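# Tertiary structure, described
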Amino acid sequence: MQNILFVGAGSMAEALLQGWIREQVVKPGHIYVTNRSNKARLTELQTRYGVKILANNEKIAHMDIIVLAMKPKDVHTSMEQLRPFIANNTIILSVLAGIAMETIQVGLGERPIARVMPNTSATLGMSASGIAFNDVMTAEQKAFFMTLLNAVGTVVEVPEDQLHAVTALSGSGPAYIYYVMEAFLAAGEKLGVEKETVRALMTQTIAGSAAMLKRFDEEPATLRKQVTSPGGTTEAGIRVLDELHVKDAIENCVMSAEKRSRELASGK
Ligand SMILES: NC(=O)C1=CN([C@@H]2O[C@H](COP(=O)(O)OP(=O)(O)OC[C@H]3O[C@@H](n4cnc5c(N)ncnc54)[C@H](O)[C@@H]3O)[C@@H](O)[C@H]2O)C=CC1
Ligand SMILES: O=C(O)[C@@H]1CCC=N1
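Cut-offs and rules
Residues numbered from 1 in each chain as written. Chains lettered and ligands numbered in written order. Predicted model: local features only at pLDDT ≥ 70, side-chain atom pairs only at ≥ 80, totals over all residues. Heavy atoms only, no water. Helix = DSSP H or I, 4+ residues; strand = E, 2+ residues; numbered from the N terminus. Polar contact = N/O pair within 3.5 Å; in protein donor to acceptor, adjacent residues only side chain to side chain. Contact = heavy atoms within 4.5 Å. Near = heavy atom within 4 Å. Areas by Shrake-Rupley, 256 points an atom, 1.4 Å probe, with all protein chains shown as cover. 1 Å grid on protein atoms, 1.4 Å probe; cavity = no way out; pocket = protein on both sides within 12 Å on 5 of 7 lines; lining within 4 Å. Sits in = over half its atoms within 2 Å of the grid points. Nonpolar A, V, L, I, M, F, W, Y, C, P; charged D, E, K, R; others polar. Phe/Tyr/Trp six-rings, centres within 6.5 Å; stacked < 30°, edge-to-face > 60°. Buried < 20%, exposed > 50% of the residue type's maximum accessible area, 1.4 Å probe, protein only. Points joined across faces, edges and corners; volume = space filled by probe spheres on them. Domains from an automatic or database assignment. Patch = residues over 30% accessible without salt bridge, like charges linked within 9 Å, V, L, I, M, F, W, Y side chains within 5 Å. Salt bridge = Lys/Arg side-chain N within 4 Å of Asp/Glu carboxyl O. UniProt positions renumbered as here; feature names shortened; annotations may be inferred.

## Quick word on the side chain of Thr-167
Among the structural elements, Thr-167 can be located in helix α6 (residues 163–171). From its side chain, Thr-167 meets the backbone oxygen of Leu-163 in a polar contact 2.6 Å long. Look past the residues within four positions of Thr-167 in its chain and what remains in contact with it is Ala-97, Met-117, Ser-172 and Ser-261.

What follows is the structure, given as structure tokens:
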């Protein structure tokens, strides 16, 4: 089995390693974690999942796969730290928003690189991930990465440049949904409904709507019409969303996130 090192032990690293262990695609004893400074965090992951803490930099040479899971701004320092130790045949899996495979190749030398944009729902095996590979990745290696990402949800291969859009849509997407949930909770409070009641009703409503979209090959607008009785409550609600240009706001939100991903690529 392959040895996998996570460099950066934050929320995305935890979501992925937890999913891989639960789905038994990687054994905890083959997963190593390292961090810039927070040793308590490494111990926490070790206790919780049985993964190993990288004992010293010499061990880096024994890793089959290194997952770059630090913040994009920290990638250059991290690559400088890895470069003296990394073996020629080590493969890179990057989850960094914005950072191009070309940048990683410059930092760590020519080698197979997979660039993936998962989301935090990987924790529950429900990530929606986009992935791109560089030219030196073999078909067999690609298949292995597709297995890793399928173990934590669904994965779609896209041209590398489209990963900016994937980041803006499904990478950041859970945050947009949580934002909407915050608004539902605030509305529920104003209407005097218990927080837990609103949460139970609206999480099921979001899950049910997503399931309908997945199950039926209908346009979202068609499904929306089925809910909207003429002169009824939905119509009254949607009228306000239209008046407030909420569709435009969501479109602009995604465009702005995509732009930010491109800025991260250029080190801004
Ligand atoms: N959080 C999310 O929903 C998603 C995040 N990503 C990407 O995943 C990456 C990590 O994000 P999070 O887990 O949210 O961040 P985080 O802030 O929770 O974790 C990053 C970790 O990297 C460590 N680190 C920084 N410099 C380091 C270095 N030189 N060597 C070793 N460790 C170092 C930090 O100590 C920190 O623990 C980012 O690049 C982000 O773009 C991708 C998809 C979704
Ligand atoms: O906010 C970010 O930059 C990262 C990438 C996608 C989700 N979180």
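## Concerning the site of ligand 1
Among the 21 residues in the neighbourhood of ligand 1, the closest are listed as Met-12, Asn-35, Arg-36, Met-70 and Ala-97. Backbone polar atom of Arg-36 to a nitrogen atom of ligand 1: 3.0 Å apart, as the coordinates give it. Within the contact set of ligand 1, an oxygen atom lies 3.3 Å away from a side-chain nitrogen or oxygen of Lys-71. Its free accessible area being 830 Å², ligand 1 has 82% of it covered by the protein chains. Given that more than half its atoms are within 2 Å of the pocket grid, ligand 1 belongs to the second largest pocket. Secondary-structure elements contributing two or more residues to the shell around ligand 1 are α1 (11–22) and α3 (75–82). Partitioning the shell around ligand 1 into residue classes produces 11 nonpolar, 7 polar and 3 charged.

## What to know about the packing of aromatic side chains
A full pass over the atoms with the stated rule returns 2 aromatic pairs. A ring pair is formed by Phe-6 and Trp-20, whose centres lie 5.6 Å apart and whose planes are at 40 degrees; its orientation type is tilted. Highlighted residues: Phe-6 in strand β1 (residues 4–7) and Trp-20 in helix α1, separated in sequence by 14 residues. Across the pair, Trp-20 and Phe-6 agree in class, each one buried. For the ring pair Phe-144 and Phe-145, a centre distance of 6.0 Å and an interplane angle of 65 degrees mean the geometry is edge-to-face. Using a relative accessible area of 1% as the deciding quantity, one classes Phe-145 as buried.

## Let's talk about the site of ligand 2
All residues adjacent to ligand 2 are Ala-97, Thr-167, Gly-171 and Ser-172. With the chains in place, 48% of the 240 Å² that ligand 2 exposes on its own is no longer accessible. The site holding ligand 2 turns out to be the second largest pocket.

## Considering the layout of surface pockets
Approximately 1100 Å³ is the volume attributed to the second largest pocket. Around the second largest pocket, the lining is made up of 45 residues, and of these Gly-8, Ala-69, Met-70, Lys-71 and Leu-96 lie nearest the centre. Contributions of two or more residues to the lining of the second largest pocket are made by α1, α2 (39–49), α3, α6, α7 (173–190) and α11 (246–265). For the lining of the second largest pocket, the per-class residue count stands at 21 nonpolar, 17 polar and 7 charged. Residue-level mapping places the lining of the second largest pocket at the junction of two domains, with at least three residues from each of domain 1 (4–163) and domain 2 (173–265).

## Topic: a nonpolar patch on the surface
A cluster of nonpolar side chains, Tyr-179, Val-180 and Phe-184, forms an exposed patch at the surface whose accessible area comes to about 310 Å². With respect to the element layout, Phe-184 can be found in helix α7.

## Section: the UniProt feature "binding site: NADPH" (unreviewed entry) in the chain
Under the UniProt annotation, the feature "binding site: NADPH" (unreviewed entry) is placed at Asn-57. Looking at the secondary structure, you find Asn-57 in the loop between β3 (52–53) and β4 (65–68).

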